[in-house]
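Summary of the model geometry
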Amino acid sequence: MFQKMERLTFRRLITLLLAAAGILLLLDVGCLFRHITGIPCPGCGMTRAHLAALRLDFRAAFWYHPLWFLPLPLLAGQFLFPNGLFRNKKWNTGLSIVLLILVVGVYGIRMFLYFPDTPPMEYQPNNLLHWIFSLIQGIL
Ligand SMILES: [Zn+2]
């Protein structure tokens, strides 16, 4: 019973995140993390990568985000295999850890190679934190 409730809550969370992402995409807001900090997030370039893939420009898709092909199958997997891909929980945990290491590793490499001046890993100078610090600096 508890496990069923937990799954329903997780699905609701995924649905809410997808709805929020869809609204942000439609409003063309861009990356909220970058708007706030000025630094690109691990997912920056993912939208442009998917748009490039839709144009069948896979070279550009891999340029914008090397892991562009992962989110949709992972999302589908959440709904097709609600108990996890493997029967063994340790394997599912291991898969999650491998994916996390992959995402963080690719983010680190992209930040090292392309930050702060190569899109999509460029610094956004007019970010919220910069604005707040400038405001405080102006007061002091
Ligand atoms: Zn981002």
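Residues numbered from 1 in each chain as written. Predicted model: local features only at pLDDT ≥ 70, side-chain atom pairs only at ≥ 80, totals over all residues. Heavy atoms only, no water.

This part covers the coordination of the zinc ion. Around a metal, the idealised angle for a tetrahedral arrangement of four donor atoms is 109.5 degrees; for an octahedral arrangement of six donor atoms it is 90 or 180 degrees. The coordination sphere of the zinc ion, as far as protein atoms go, consists of Cys 31 (SG), Cys 41 (SG) and Cys 44 (SG), spread over 2.2 Å. Of note, the zinc ion draws all its donor residues from one chain, in the sequence arrangement C-x9-C-x2-C. Take Cys 41 and Cys 44: they sit in the same class, and that class is buried. (Donors = N, O, S within 2.8 Å, 3.2 Å for Na, K, Ca; no water. Buried < 20%, exposed > 50% of the residue type's maximum accessible area, 1.4 Å probe, protein only.)

Once that is clear, we can look at the confidence of the model for the protein. Atomic detail in the predicted coordinates should be set aside for any region of low pLDDT. Averaged over the protein, the pLDDT score is 88; the fraction of residues at 70 or greater is 94%. Within the protein, the lowest mean pLDDT, 72, falls on helix 1 (residues 2-27), and the highest, 97, falls on helix 4 (residues 58-64). (pLDDT = per-residue confidence, 0-100. Helix = DSSP H or I, 4+ residues; strand = E, 2+ residues; numbered from the N terminus.)

With that settled, consider empty space enclosed by the protein. Enumeration over the complete set of coordinates arrives at one cavity of 30 Å³ or more. Taken as a whole, the largest cavity encloses approximately 30 Å³ of empty space. Lining of the largest cavity is provided by Trp 63, Tyr 64, Arg 110, Tyr 114, Pro 119, Pro 120 and Met 121. Elements represented by at least two residues in the lining of the largest cavity include exactly helix 4 and helix 6 (89-114). By residue class, the composition of the lining of the largest cavity is six nonpolar, no polar and one charged. (1 Å grid on protein atoms, 1.4 Å probe; cavity = no way out; pocket = protein on both sides within 12 Å on 5 of 7 lines; lining within 4 Å. Points joined across faces, edges and corners; volume = space filled by probe spheres on them. Nonpolar A, V, L, I, M, F, W, Y, C, P; charged D, E, K, R; others polar.)

What follows deals with the packing of aromatic side chains. Enumeration over the complete set of coordinates arrives at seven aromatic pairs. Judged by centre distance (6.1 Å) and plane angle (90°), the ring pair of Trp 68 and Phe 69 falls under edge-to-face. The exposure class of Trp 68 is buried, given its relative accessible area of 14%. Overall, Phe 69 belongs to the partly exposed group, its relative accessible area being 39%. Taken together, the aromatic side chains of Phe 58, Phe 62, Trp 68 and Phe 69 make up a single cluster linked through ring pairs. (Phe/Tyr/Trp six-rings, centres within 6.5 Å; stacked < 30°, edge-to-face > 60°.)

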